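One-letter residues, chain by chain:
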Amino acid sequence: MADKDDRVLIVGGGAWGLSTALFLVEAGYTNVTILERANSIPSPYSAAYDLNKIVRAEYEDAFYTELALKAIQAWKTPLFAPHYHQTGYIVATSGSAPDKAIATLEKSLASVEKHPVFAPGIQRLDGPDAFRKHAWQLSGPLTGFRGYINPLGGYAHSANCLQAVWEHVSACGVRSILGNKAGCAVRLEYAEDAGQVKVTGVVTADGKTHPAHLVICALGAHGAALVPQLGANNANVARCWSVAHVQLTESECNLLRGLPTTNVRDLGFFFEPDPKTRLFKLCPLGAGYTNYDSRVNGVSLPPDNKRGFQPNAIPKADELKLRRLLQETFPWMAGRPFVDTKLCWFSDTADSNYCIDFVPNTNRSVVALSGDSGHGFKMMPIFGQWVVDLLTRGQQTEPRWQWRAHSKDCAQWGDSVSWRVGEAAEWKDILEEQEEAGVGRSKL
Ligand SMILES: Cc1cc2nc3c(=O)[nH]c(=O)nc-3n(C[C@H](O)[C@H](O)[C@H](O)COP(=O)(O)OP(=O)(O)OC[C@H]3O[C@@H](n4cnc5c(N)ncnc54)[C@H](O)[C@@H]3O)c2cc1C
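Residues numbered from 1 in each chain as written. Predicted model: local features only at pLDDT ≥ 70, side-chain atom pairs only at ≥ 80, totals over all residues. Heavy atoms only, no water.

(A) A look at the domain arrangement of the protein. On domain assignment, one finds that the protein holds domain 1 (1-51 + 157-236 + 350-407) and domain 2 (86-154 + 237-348 + 414-444). Measuring from the centre of the C-alpha atoms in domain 1 to the corresponding centre in domain 2 gives 28 Å. Taken together, the 23 residues of domain 1 in the interface contact 24 residues of domain 2. Roughly 1,800 Å² is buried in total at the junction of domain 1 and domain 2, and carbon and sulfur atoms are behind 56% of that figure. D50 is the partner of K342 in a salt bridge, and the nearest nitrogen-oxygen pair spans 3.9 Å. The interface formed by domain 1 and domain 2 holds seven residue pairs in polar contact (both at pLDDT 80 or more) in total. (Domains from an automatic or database assignment. Contact = heavy atoms within 4.5 Å. Buried area = accessible area lost by both parts, 1.4 Å probe. Salt bridge = Lys/Arg side-chain N within 4 Å of Asp/Glu carboxyl O. Polar contact = N/O pair within 3.5 Å; in protein donor to acceptor, adjacent residues only side chain to side chain.)

(B) Fine view of the pattern of salt bridges. Evaluated as defined, the whole model comprises 15 salt bridges. Across the pair E398 and R400 runs a salt bridge whose closest N-O atoms are separated by 2.9 Å. Taking relative accessible area as the criterion, E398 reaches 15% and is therefore assigned buried. Residue R400 is classed as partly exposed on the basis of its relative accessible area of 26%. When salt bridges that share partners are traced, they join D50, K53, K281 and K342 into one network. (Buried < 20%, exposed > 50% of the residue type's maximum accessible area, 1.4 Å probe, protein only.)

(C) Main features of the sheet that holds strand β20 (residues 355-358). Spatially, the six strands line up as an open sheet ordered β9-β2-β1-β13-β21-β20, and their pairing is mixed. The sheet is open, and its two edges are formed by β9 (175-178) and β20, each paired on a single side. Taking each pair of neighbouring strands and ignoring which way they run, the sheet shows an average axis angle of 15°. Taken together, the four bridges between strand β1 (residues 8-11) and strand β2 (residues 32-36) define a ladder with parallel strand orientation. Of the residues in β2, the one forming a bridge with I10 is I34. Against the sheet, helix α1 (residues 15-26) makes contact with β1, β2, β13 (214-217) and β21 (366-370), and its axis sits at roughly 155° relative to β1, the strand it touches most. (Pairing = 2+ DSSP bridges. Helix = DSSP H or I, 4+ residues; strand = E, 2+ residues; numbered from the N terminus. Axes fitted to C-alpha atoms, helices over the stretch in contact; angles between N-to-C directions.)

Right, dumping it as structure tokens:
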């Protein structure tokens, strides 16, 4: 069990690192510092550096449904509420959806349809008119669309939320060291004392050593760069999905105000536009892209742009999927250029469970927060409590979140988690596509 005055270093000021800082301070920890490689928070390297993320409670595993329900309650508390927008959540499949996408929708529906909190609000939707009753702005043909709406859900403005929590914890005494030299952790240092190996500090890219009793690693997709064991045997795999936006005019933005967050399982999802930037965000759904061609052998990590290309152009197949989504929903937008496209990296696990545990053989001096599996942001208002619980108990009692040393080959993950529709591909293949098309050349 960590002492409340111990020097605690949190590496990574993204969604989970900041939430951890928040709950550590609330639990009385007095000496907490965040190391963050970006020059400011929100960090552009965070998977949550985005306009919005879905906040929904539908899970096939009722364990997460209950947690998401708690998170939704916490989204309505003062620190988080300004960033939460309960627009409702529509889940659908199009007429050409594969069986797997239809089955996933049915499982999600089953998780909330009989739930005492959600059940009264859930409505099944069959055909265009049913959808337009709840989202009248959907002007497309909605060919073969079926699904449901859950009014208890929506989205949160993720970048703004990161900033608000960071400002709050800073005001509560948490220190931050930022920047790609001063704040970028490159190595953990250990020492042996009476036969026990323990962490003694973190070395940053400027060569400085920051002493610590406890290091909490919350590097998202970059976890295995600092704790290589995380990436071994495909236990935690860096994976990315595409993100795209359409620039709207003020009146177009007003037209879409109040639009429920809409997730078409076989195509992609979109949100109410952001009123400040007037950007309409869309993400295609699919199995995503890995980068095993990384600097650590046999481990998928986000690319380091060495080849002179920024990962900012999205794969053609994803773009086509999003155009199909727009043709079905908002045909007036379907021919517009996509702006601010990017590949967004997260840490994936075979069964989509998080890793919230001590790193083995560190005598409980290093904690790994990893494996968000693309569904970790919604938990931000409650996540840090699970880290405090781990420190208090001295062991992870929730089997789903225990350290796992390996997983089956990533290529075989397709069937283990139902939302992974389609085949995963390697990022370098996309890079070659970008190079051939002459797009995405870095300005750096
Ligand atoms: C396209 C996409 C869509 C998503 N949609 C949703 C959604 O709808 N709902 C949802 O709940 N979740 C969603 N997620 C997942 C969500 O973004 C993540 O679960 C969440 O951001 C994980 O938080 P994290 O703190 O583990 O990682 P991150 O938020 O990625 O933070 C990691 C931090 O570590 C820092 N860092 C990295 N390396 C170092 C280093 N060496 N030294 C110091 N700092 C370092 C980074 O700069 C970053 O700030 C989505 C993810 C993606 C990619």
